[in-house]
Amino acid sequence: MSDAQQHGGGAESDFDLTQFYQVFFEEAAENLDLMEQMLLSLHLETADDEELNGIFRCAHSVKGGAATFGFADVAGLTHQMESLLDRLRRHEIQPNSAMVDVLLQSADVSRSLLARHQAGGIGDLPSTEALVQRISELALGDGQNSAPTGALATAPLVRAVKPELQPMALVGERTLEILVGPLKDRAQGEAIQELFRDIPGLGTIEALACDQADMQKYAVVSSTSSDELLDLFEFHVSRSQVVIKDVTKTWPETPTDFADAVDVFRATQLQPGTMALDDPPPGTPLAPSPGFGFFDGAPGAPMAPPVHVTSAAEMPASQGKTVEKSVAPLAQAEAATLRVSISKVDQLINLVGELVITQAMLAQNSRALEAGQFPKLMAGLADLDRNTRDLQESVMSIRMIPMSVVFSRFPRMLRDLASKLGKKVEFVTMGESTELDKGLVEKITDPLTHLVRNSCDHGVEMPEERVRAGKPEAGTITLSAAHQGGSIVIEVRDDGRGMSREKILKKARERGLEVSDQMPDADVWQLIFAPGFSTAEVVTDVSGRGVGMDVVKRNITALNGTVEIDSAEGYGMRVSVRLPLTLAIMDGMSVGVGKEVYMLPLSSVIESFQVKADAINTVGQGAQLVKVRDEYMPVVELERVFQIPRTDRDRTSDIMVVIESEGSRVALLVDDLLGQQQVVVKNLESNYRKIPNVSGATILGDGKVALILDTGALVRRSRH
Amino acid sequence: MTAMGYTQDQSFANEREYLTFRLDREEFGIDIMKVQEIRGYEPPTRIANAPSFIKGVFNLRGTIVPIVDLRLKFDCPRADYDSSTVVIVLNLARRIVGIVVDSVSDVLTLPSENFKPAPDIDTIIDRESVVGLGSLRDRMLILLDIEKLMASHGMALTSDAIN
């Protein structure tokens, strides 16, 4: 990597590379993440060429970039990874789980090294010697004999199982150069050729000239996987005597000179739907190889501008689908995205918010005009209304990213955790494409991680125990996300041992909590959210210290969400997290009580009706009920909840608005239904603090502030 | 603590620009750098169950800002709301708050020799927040660390304050 030194820090070169560091760090992180995902879903026995090539390209890309920017340590390690992966994709060696482990570890170390560089070179330098050593060992051996180390000895049975079935290992047609030998005699070589031709649909085979006397070389055009070809050759020779080299013309991996690189760039321009930028296709390094001299003596050389096309959040969403397919569609999907800073998006959302307020004000004021008076104006306002609505939907969706981004970290985590604990776990995900605001995604990741770890650590039993209980040896942990009304519901389910009601009640009593044996199950399960509560007999470093669940609950409550638990001893457990979709703009229904205006999220409103005083029944000192068709529903008097002053004694609330939240319904008693409008949700807590029963505030058309009611809190309040 | 037992915040003794305002018959001075703007008073949206001196929240060009009536907080005999009532909008370390006062006087620079330490007397004003007295020809200014005052427990503006 000596050539890379001359570009170190960019100080000597005429070109300042430091401005591109950030972009490189982000891209490298994405490549390492992608590599990790692909490694985890790699089929060891029937490794697809596309899979191996894909993983190779990730390592190659990181290596190239690291070398260009002078990060020799990263370049060195990824170079080793690349060598191993190169041998793998040429089928010179077979992949095994020890290789996957060492590659995963190397990816981790690469991340640390990059993080260190990003932080300016401070912190401990992780050692890469042992890893490099291990990688070379594995690369040299034929893979079958390598002894896995320590805790990785048990092949962890963790696979990400998608409801869509894994496609068969189909590859596109390839041109191969197959070297066979040493052969006993020419007859053996001819027998191989004949066998190949005997099987219909296999492809074509041509003998090529070969220097070595006892070796035979063939040019093969086939769409069969290398593995199957090897199976075929095994009729006559052993696998170790066959070397398959893929010489299909695809992307030139390492353009040997600038002209080639330019051709590669141009090739991307021809793809429909790409942006007309001089960007290298993903997978090729910024400079084709270290020491290429791309930047030498080239002030003002046409370097691609920082706005470039990569995949960002698209990649994780396509995990499990595009990874198994061919490369070209992948490149196209990546080219159709744009990297934008979050602050710009937030600014855009704010501006659209202001626009919505202004538009609402215009709409409100225009109602005072007579319908026929200004037909063009009214038509224009109607158009404006529609356009604003569309604009705001589009803009809001910019910040939405799929849950798969959150889910993607779990296969790796569970794999390591399960193997550490000696358990067998299958991980199933559903609803990965469910979208969630980026801000929420960041905040929900930690609580979810804790819940999943909990399921693995405390829920799923040891394999022997499971078999004894008549369950399959491997436990299943399911993570699902779905939209429900105005919320997103995320569930963590396991088929483990579930929770013991008695143990929890006993523990609660020990801690001095008020419990009774008659408590309904749902309430018993909620006890585990008390601080310091843990019924785990043994505290592992994974969980059991009792600091987890209450933090989970607090984090989720801070997002205005709720957590529900359901469990059946012996069968398993389910934790449901319900979060409001953070909408800076929501559809609201305004209600009036006294002189004040309050806003309700329209998605929570079921119905409304007028009511007479005698229709409200009381139960035991104050709790009020109203009959709605066949159901008795609790009544919440907003006048009382918010201590609203009454100036007009004769006016009382006589309208019921039925709202639903967390599966329960209550009827709110108000004076008037004022209207329906789209409102911008403003944060109260940035300058003030959290107000009970209030989830936010909004600005009405007349410029006044109206409080937005927290339907969850109102529903909960009537429960006790 | 000085020899005479006065508390003194040295940093406030240096020359500073103060915005002066009146609450009833008392005059106060606050660091001009903390003042974002001065507005007239409009009835804000009431917040239930809040202390009486928190009048509510209002809309400041799209931001929701709470309003505290200092006259109520400091037990002044009168708190009128008319066309001369003033709201001083403060920008304190990213928290924006409005305070209702009777009137705003002027912005002045207080030379250090006019800065006197705050006496150790019992007053309704949070002790920590009174940093000194400004002595001018015929005026006495009560100099406040307005940031500390608004963040104090008694102001009930933050979640930690309320518990």
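Because the structure is predicted, anything quoted here is derived from the model rather than measured. (Residues numbered from 1 in each chain as written. Chains lettered and ligands numbered in written order. Predicted model: local features only at pLDDT ≥ 70, side-chain atom pairs only at ≥ 80, totals over all residues.)

## Side note on the overall build of chain B
Convention followed: Where helices and strands are cited, they refer to DSSP runs of H or I of at least four residues and of E of at least two residues respectively, numbered from the N terminus. Put plainly, a residue is buried at 20 or more neighbouring C-beta atoms within 10 Å of its own, exposed at 12 or fewer, and partly exposed in between, counting only other residues' C-beta atoms, which are placed from the backbone. Placing C-beta atoms from the backbone, we regard two residues as in contact once those atoms come within 7 Å.
Check the secondary structure of chain B and you find three helices and 11 strands. Ordered by position in the sequence, the α and β elements of chain B form the string α-β-β-β-β-β-α-β-β-β-β-β-β-α. Evaluated residue by residue, chain B yields a buried proportion of 37% over its 163 residues. By sequence separation, contacts in chain B at least 24 residues apart represent 57% of the contacts at least 6 residues apart.

## Some thoughts on the packing of helix 15 (residues 410–421) of chain A against helix 16 (residues 438–459) of chain A
Residue and element names in this part refer to chain A. Note the following rule: Simply put, an axis is a line fit to the C-alpha atoms, just over the touching stretch for a helix, and the angle between two N-to-C directions goes from 0 to 180 degrees. Throughout, the term roughly parallel applies to angles under 35 degrees, roughly antiparallel to angles over 145, roughly perpendicular to angles from 65 to 115, and oblique to all others. A clockwise turn of the near helix away from the far one marks a right-handed crossing, whereas an anticlockwise turn of less than a right angle marks a left-handed crossing.
Helix 16 packs onto helix 15 with a crossing angle of 25° between their chain directions and a minimal axis gap of 10 Å. Judged by the inter-axis angle, helix 15 sits roughly parallel to helix 16. Note that helix 15 runs across helix 16; the crossing there is right-handed. Residues F410, L414, L417, A418 and L421 of helix 15 pack against V452, R453, C456 and D457 of helix 16.

## Side note on the packing of helix 16 of chain A against helix 20 (residues 548–558) of chain A
All names here are of chain A. Rule in force here: When residue character is reported, Ala, Val, Leu, Ile, Met, Phe, Trp, Tyr, Cys and Pro are called nonpolar, Asp, Glu, Lys and Arg charged, and the others, Gly included, polar.
The geometry of helix 16 relative to helix 20 is characterised by a closest axis approach of 9 Å and an angle of 150° between their N-to-C directions. Between helix 16 and helix 20, the angle falls in the class roughly antiparallel. Classified by chirality, the crossing of helix 20 by helix 16 is left-handed. When helix 16 is examined against helix 20, the residues K443, D446, P447, H450, L451 and N454 are found in contact with a partner set consisting of G548, V552, N555 and I556. Of the residues contributing to the contact of helix 16 with helix 20, the split by class is four nonpolar, four polar and two charged.

## Brief notes about helix 12 (residues 342–366) of chain A
Using the following cut-off: Expected helix span is taken as 1.5 Å per residue step, with the number of steps being one fewer than the number of residues.
With 25 residues, helix 12 of chain A extends 36 Å from end C-alpha to end C-alpha; this agrees with the ideal 36 Å at 1.5 Å per step. Along helix 12 of chain A, the positions that sit buried rather than exposed are G353, V356, I357, Q359 and A360 of chain A.

## Points about the confidence of the model for chain B
Residue and element names in this part refer to chain B. Test applied: Note on scores: pLDDT gives the predictor's confidence for each residue, bounded by 0 and 100.
The share of residues in chain B with pLDDT of 70 or more is 88%, and the mean pLDDT across the chain is 85. Note on residues 1–8: pLDDT is under 50 here. Beyond four places in sequence and across chains, it has 14 contacts. Here the complex is predicted with pTM 0.48, and the ipTM for its interfaces comes to 0.82.

## Let's talk about the sheet that holds strand 6 (residues 86–92) of chain B
Residues and elements named next belong to chain B. Cut-off, in case you're wondering: Here, a strand pair is defined by DSSP locating no fewer than two bridges between the strands.
Spatially, the five strands line up as an open sheet ordered 3-6-7-5-4, and their pairing is mixed. Both outer strands of the open sheet, strand 3 (35–40) and strand 4 (54–60), are each paired with one neighbouring strand and no more. On average, adjacent strands in this sheet sit at an angle of 30° to one another, irrespective of strand direction. Two strands pair when backbone bridges link them, and strand 5 (residues 63–69) and strand 7 (residues 95–101) are joined in this way by three bridges, in the parallel orientation. If you follow I67 over to strand 7, its bridge partner there is G98.

## A few points about the pairing of strand 7 of chain B
Residues and elements named next belong to chain B. Along strand 7, five of the seven residues are buried, which leaves the element largely enclosed by surrounding structure. With seven bridges connecting them, strand 6 and strand 7 associate as antiparallel partners. Bridge pairing links V86 to V101 in strand 7. Linking strand 6 back to strand 7 in an antiparallel pair, the connection comprises two residues, with A93 at a positive phi of about 45°.

## Focus on the nonpolar core
All names here are of chain A. Stated precisely, the cut-off is as follows: The nonpolar core criterion groups buried Ala, Val, Leu, Ile, Met, Phe, Trp, Tyr and Cys residues into a set whenever they are joined through C-beta atoms within 7 Å. A domain assignment, automatic or from a database, supplies the domain bounds used here.
In this structure, Y598 and L668 are the most contacted members of the largest nonpolar core, which totals 83 residues. Mapping this core onto the domain boundaries places at least three of its residues in each of domain 3 (342–398) and domain 5 (585–717). Residues in contact with Y598, not counting those within four places in the same chain, are V591, V593, L638, A706, L707 and L709. In this structure, M35, A67, A98 and L103 belong to the second largest nonpolar core, which totals 39 residues.

## What about the interface of chain A and chain B?
Counting from both sides, the interface comprises 18 residues of chain A and, opposite them, 19 residues of chain B. Those elements giving two or more residues to the side of chain A that touches chain B turn out to be strand 22 (694–699) and strand 23 (705–709) of chain A. Counted by class, the side of chain A that touches chain B contains nine nonpolar, three polar and six charged residues.

## With respect to the sheet that holds strand 8 (residues 103–110) of chain B
Two orientations exist for strands paired in a sheet by backbone hydrogen bonds: parallel and antiparallel. Residues and elements named next belong to chain B. The strand order across the open sheet built from six strands is 8-1-2-11-10-9, with neighbouring strands paired in mixed fashion. Strands at the two margins of the open sheet, each flanked by one partner only, are strand 8 and strand 9 (115–116). Direction of pairing for strand 1 (residues 16–23) relative to strand 8: antiparallel, over a ladder of six bridges. Each residue of the ladder has a partner; that of E17, found in strand 8, is T109.

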